[in-house]
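# Examining the three-dimensional arrangement
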Amino acid sequence: MKLYERLIKRKEVKEETVKDDVLYPDYVVDMMGNKKRVVSYDERMETSVCSKRGLYVGDLVLLDLVHRYHYPLKTKKYPLYMWNVYGIYDVEGHLKRLEEQGFLRRSLDIENCLVYKLSETGMLELKENAYVSYLLNRNYALDVFELNRKLNGNVALWKDLVSVFEEDLFGVPYALYFDERYYLETGKMWKAPLEALRTFSKKECREFVVFYNSNKERMMALSCDEVDVMKYETLAKWYMSVGEFQEAALYFEASIRKGSLDSSVYECYVALLKAYGIEKKAMLVMKKCQSVCLEESGC
C-alpha cells in the first residue's frame, strides 16, 4: 500500500465517538500489578504496519472475536482488553466500519437474532494474518505489535519467527503445526485428539502396544534426565494434540515418573492407554491421578 493510500486509510478509521474517561481510563493496571498507559488505536496506527487490505492489529482481533462468538448487533459485552491492550473503546463503531468495508456481514443465528459473521473477505484476511489469532489464543509474553513491526508486511514469515520464540521457551515449535484452515472452520486451535483415538483399528492398537513395551528403557531414561517436568508435560500434550500418540505416551510416562502434579496430564494419559486397550496400566495411572487430585484440593 502506497504512503498516500495509508494516510487516507488512517483518516477514515479515526475514532469519532467521545471517549468516556471513567469506563476507559488512560492508565490501567496489568496482570502483574503494574500501572501502564493505554496506547490508543490511533497511536498504534502510527507505529504499526497494516495488512494489504488496510487493517491493523486491533481490527484483526475484532474479526477473530466475531469468528468465535458471532456478536449480536449493538451488544455491549466486549472484552475489556479491546481498550486495555488494543486501544479501542468504540467497538461497535469499528464493527460497523468492518461491515461497510466488506469484512463482516449480518446473519441470523439459531435464535433468529441478527449477529455479525465473517464474510469471505474477512475469512481470507484472518487466514493471511493468522499470527494475530494465534497469539490471541496462546496467551504468550510475545507482543503482537512487536511481531507486527518485525514482519513489516511479510506475514508469511510469522510461523518462523514465533516458532523460534517457542523453541527457546518450550523446546517445541508449536506454530509450525498450526492449521489456519482448521481454525477458521472450527474456531479450535488443535484437532481433538481423543476423538481420533476412538477410530483406531485393532492393528494400530497392537502396533502401539509393541511400541510401548519396546520403549520402556527410553521412558526410564527420560524420567532420569535433569529436565524440568513442565517441559515433558508440554511435550506430552503437544504430541497428543497433533496425533503423535506414541511419542505422547513416552512423555506422559516421563512426566509421571518425574512427579508431575498436573492432573490433566494423568487424565490424558489414561484416555490414551484405554484407547489402546492397556487397561491394567490405565488403572494404575488413574489411581495416581486420584491422589494428585486430592493434593490439588488440599484434602
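Described below are features of the structure shown in this document. As the structure is a prediction and not an experimental result, all values here were calculated from the model.

Attention now moves to the pairing of strand 3 (residues 104-108). With five bridges joining them, strand 3 and strand 4 (residues 114-118) adopt antiparallel strand pairing. Paired with R106 across the strands is Y116, a residue of strand 4. Counting the residues between successive antiparallel strands, the hairpin from strand 3 to strand 4 contains five residues, one of them, N112, with a positive phi of roughly 60°.

With that settled, consider the environment of A236. Its place among the elements puts A236 in helix 14 (residues 229-241). Sequence-wise, A236 and Y251 are 15 residues apart; in three dimensions their C-alpha atoms are separated by 4.8 Å. Discounting residues that sit within four places of it in the chain, A236 has contacts with A248, Y251 and F252.

Moving on, we come to the nonpolar core. Residues L63, Y134, W158, Y269 and L272 are the most contacted members of the largest nonpolar core, which totals 73 residues. Broken down by element, this core gets its largest block of residues, eight residues, from helix 15 (residues 245-257).

On to the pattern of salt bridges, then. Under the definition given, this model contains 11 salt bridges. Salt-bridge contacts for R53 lead to E125; the nearest nitrogen and oxygen are separated by 2.7 Å. Residue R53 is located in the loop between helix 2 (41-47) and helix 3 (57-69), and its partner E125 is located in helix 6 (residues 120-128); the two are separated by 72 residues in the primary sequence. By relative accessible area, E125 is classed as buried at 0%. As a salt-bridge pair, K159 and E180 come within 3.3 Å of each other at their nearest N and O atoms. With a gap of 21 residues between them, K159 in helix 9 (residues 158-169) and E180 in helix 10 (residues 180-186) connect regions that are remote in the sequence. Of the residues examined, K159 reaches a relative accessible area of 17% and is grouped as buried.

Conventions and cut-offs
- Residues numbered from 1 in each chain as written.
- Predicted model: local features only at pLDDT ≥ 70, side-chain atom pairs only at ≥ 80, totals over all residues.
- Heavy atoms only, no water.
- Pairing = 2+ DSSP bridges.
- Helix = DSSP H or I, 4+ residues; strand = E, 2+ residues; numbered from the N terminus.
- Contact = heavy atoms within 4.5 Å.
- Core = buried A, V, L, I, M, F, W, Y, C linked by side-chain atoms within 4.5 Å.
- Buried < 20%, exposed > 50% of the residue type's maximum accessible area, 1.4 Å probe, protein only.
- Salt bridge = Lys/Arg side-chain N within 4 Å of Asp/Glu carboxyl O.

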